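Overview (structure and organization)
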Amino acid sequence: MTLALESSCDDTAVAILEGQRTIRSSVISSQIDSHSPFGGVVPEFASRMHLEAVLPLLDRALLEAGISDPKRDIDLLAVTSGPGLMGSLLVGVMAMKGLAQGWGKPILGVNHLEGHIFANVVNHPDLDPPFLAMIVSGGHTEVVLVKELGDYRVIGETRDDAAGEAYDKVAKLLGLGYPGGPIIDKLALTGNERAFDFPVPLRSSEKVEFSFSGLKTSVLSQVEKLRKNGQPLPLEDLCASFQRAVAQSLVSKLHIAVSLTGVRKVAVSGGVGANSYLRKKLLTQTAWKAYLPDPFYCTDNGVMIAGAAYHGWNRGRRSDLELSPSPSWRI
Ligand code: KG4
Ligand code: ZN
């Protein structure tokens, strides 16, 4: 069994995976309430809260999995060692190194982005490579060609903000709170997506590349115009129109990626993959078969790290007690 810890940003998550995909437990301690007054993650708070959460969470995961003797039942310890916030990663890596030493078990450092890809691998037994993975999270927007599990080629990424970052910034400028994605998703349900004609980023580019900072600025200009005219903000319409532009960008670039590679399986994950509007758009395209994890496994979780570690270990990847965080590790 693989015991995995994820602490790269503002969620502390632990999971225990039996083999490739039997989830014995998956627990999360979210820090959202502490960060939301600041409209984003405060790194110093994040590491302190990981420190407080990690041991009780490990206990809970073992309890939920019915494991009373982890030294006997756990074969591999996995931990996100990058990319992410230095202080947050450090807490996770140190905690798992301590366990590895105490229990005499091997430890494996996992790339968080590979983890997001494995959210789909764990959830979909029929998802065999080659496939295209689109990671859309708070820190990343990338399209990766998965030739084999472990053999990745980034074929496109964002020039500036990540998609989730755009959701969070737009929510902040609308005064909606943090994280913005789920709030905008909900408000947009009753909005008119054609109320505002926000520009679809890099619409005329034939490359697989993204950009979301200009879109955020367009929303800001619109909001300022409405405020100047003394008009109330039609929040639902603004959210729906913004969301439409984000989804159009993601879907149209995926079409380009599919035609460039000839690969017609598309696996989307990362927090924005939980977006109900995007999920509908992805699932109704005929150019590909879309794979999406349950919304819970789109956002950061321990299961995806355990899945990536299990495969990595079986492919021969190894770490040791010299493991240290790599905050800017690329896939
Ligand atoms: O993957 P994730 O949990 O953490 C990172 O690795 O960054 O993604 C978090 C991001 C946040 O920006 C959040 O606003 C966004 O995912 N998000 C959503 C939704 N749920 C979370 N964005 C759009 N719609 C959602 N339902
Ligand atoms: Zn993530």
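Residues numbered from 1 in each chain as written. Chains lettered and ligands numbered in written order. Predicted model: local features only at pLDDT ≥ 70, side-chain atom pairs only at ≥ 80, totals over all residues.

As recorded in an unreviewed UniProt entry, the chain goes by tRNA N6-adenosine threonylcarbamoyltransferase and comes from Dethiosulfovibrio salsuginis. According to its UniProt record, the chain has this under Sequence similarities (unreviewed entry): "Belongs to the KAE1 / TsaD family." What the UniProt record of the chain gives under Subcellular location (unreviewed entry) is the line "Cytoplasm". (UniProt positions renumbered as here; feature names shortened; annotations may be inferred.)

What the chain contains, in helices and strands, is twelve helices and eleven strands. For 331 residues, the compact-globule estimate of 2.2 N^0.38 gives 20 Å, and the chain sits close to it at 20 Å. Taken along its principal axes, the extent of the C-alpha atoms in the chain is 65 × 45 × 30 Å. Buried positions account for 50% of the 331 residues belonging to the chain. Here the contacts in the chain between residues at least 6 apart in sequence split such that 73% fall between residues at least 24 apart. (Helix = DSSP H or I, 4+ residues; strand = E, 2+ residues; numbered from the N terminus. Rg over C-alpha atoms; globule rule 2.2 N^0.38 Å. Buried ≥ 20, exposed ≤ 12 C-beta atoms within 10 Å, placed from the backbone. Contact = placed C-beta atoms within 7 Å.)

Here the focus is the domain arrangement of the chain. Per the domain assignment, the segments of the chain are domain 1 (2–116 + 299–314) and domain 2 (129–292). One C-alpha centre belongs to domain 1, the other to domain 2, and the line joining them spans 27 Å. Opposite the eleven residues of domain 1 that make contact, domain 2 presents 15 residues. When contributions to the side of domain 1 that touches domain 2 are tallied by element, the ones reaching two or more residues are helix H1 (32–35), helix H5 (112–123) and helix H12 (302–314). Counted by class, the side of domain 1 that touches domain 2 contains three nonpolar, eight polar and no charged residues. (Domains from an automatic or database assignment. Nonpolar A, V, L, I, M, F, W, Y, C, P; charged D, E, K, R; others polar.)

Glancing now at the site of ligand 1. Residues in close proximity to ligand 1 total 19 residues, the closest being Gly138, Gly164, Gly181, Gly271 and Asn275. Ranked by residues supplied to the shell around ligand 1, first place goes to helix H7 (residues 180–188) with four residues. Its residues assigned to classes, the shell around ligand 1 shows six nonpolar, ten polar and three charged. A domain-level breakdown of the shell around ligand 1 finds at least three residues from each of domain 1 (2–116 + 299–314) and domain 2 (129–292). (Near = placed C-beta within 6 Å.)

Our focus in this paragraph is the nonpolar core. Ala4, Ala78, Met134 and Ala309 are the most contacted members of the largest nonpolar core, which has 97 residues in total. Sorting elements by how many residues they give to this core places helix H9 (residues 235–261) first, with ten residues. Here this core gathers at least three residues from each of two domains, domain 1 (2–116 + 299–314) and domain 2 (129–292). Every residue in contact with alanine 4, bar those within four places of it in the chain, is listed here: Val14, Ala15, Ala78, Val79, Gly302, Ile305, Ala306 and Ala309. (Core = buried A, V, L, I, M, F, W, Y, C linked by C-beta atoms within 7 Å.)

Taken in spatial order, the six strands of this open sheet run S9-S8-S7-S6-S10-S11, and their pairing is mixed. This sheet does not close on itself; its edge strands, each paired only once, are strand S9 (209–210) and strand S11 (289–291). Note that strand S6 (residues 131–136) and strand S10 (residues 265–269) share four bridges and pair parallel. Paired with methionine 134 across the two strands is valine 268, which belongs to S10. (Pairing = 2+ DSSP bridges.)

Following the sequence through the fold, glycine 139 ends up in the loop between S6 and strand S7 (141–148). Judged by local crowding, glycine 139 falls into the buried class, with 20 C-beta atoms found within 10 Å.

Here we take up the sheet that holds strand S3 (residues 22–30). In spatial order, the strands read S3-S2-S1-S4-S5; together these five strands make up an open sheet with mixed pairing. Each edge of the sheet is formed by a strand with only one pairing partner; in this case those strands are S3 and strand S5 (107–111). Strand-to-strand twist across the sheet, computed as the mean angle between neighbouring axes with direction ignored, equals 20 degrees. Pairing geometry for strand S1 (residues 2–6) and strand S2 (residues 11–18), over five bridges, is antiparallel. Opposite leucine 5, over in S2, you have valine 14 as the bridge partner. Docked against the sheet, H5 engages strand S4 (76–82) and S5, running at close to 85 degrees with respect to S5. (Axes fitted to C-alpha atoms, helices over the stretch in contact; angles between N-to-C directions.)

On to the UniProt feature "domain: Gcp-like" (unreviewed entry) in the chain. Residues given the UniProt feature "domain: Gcp-like" (unreviewed entry) here are residues 23–306. For residues 23–306, helix accounts for 49% and strand for 18%, while the C-alpha atoms at its two ends are 10 Å apart.

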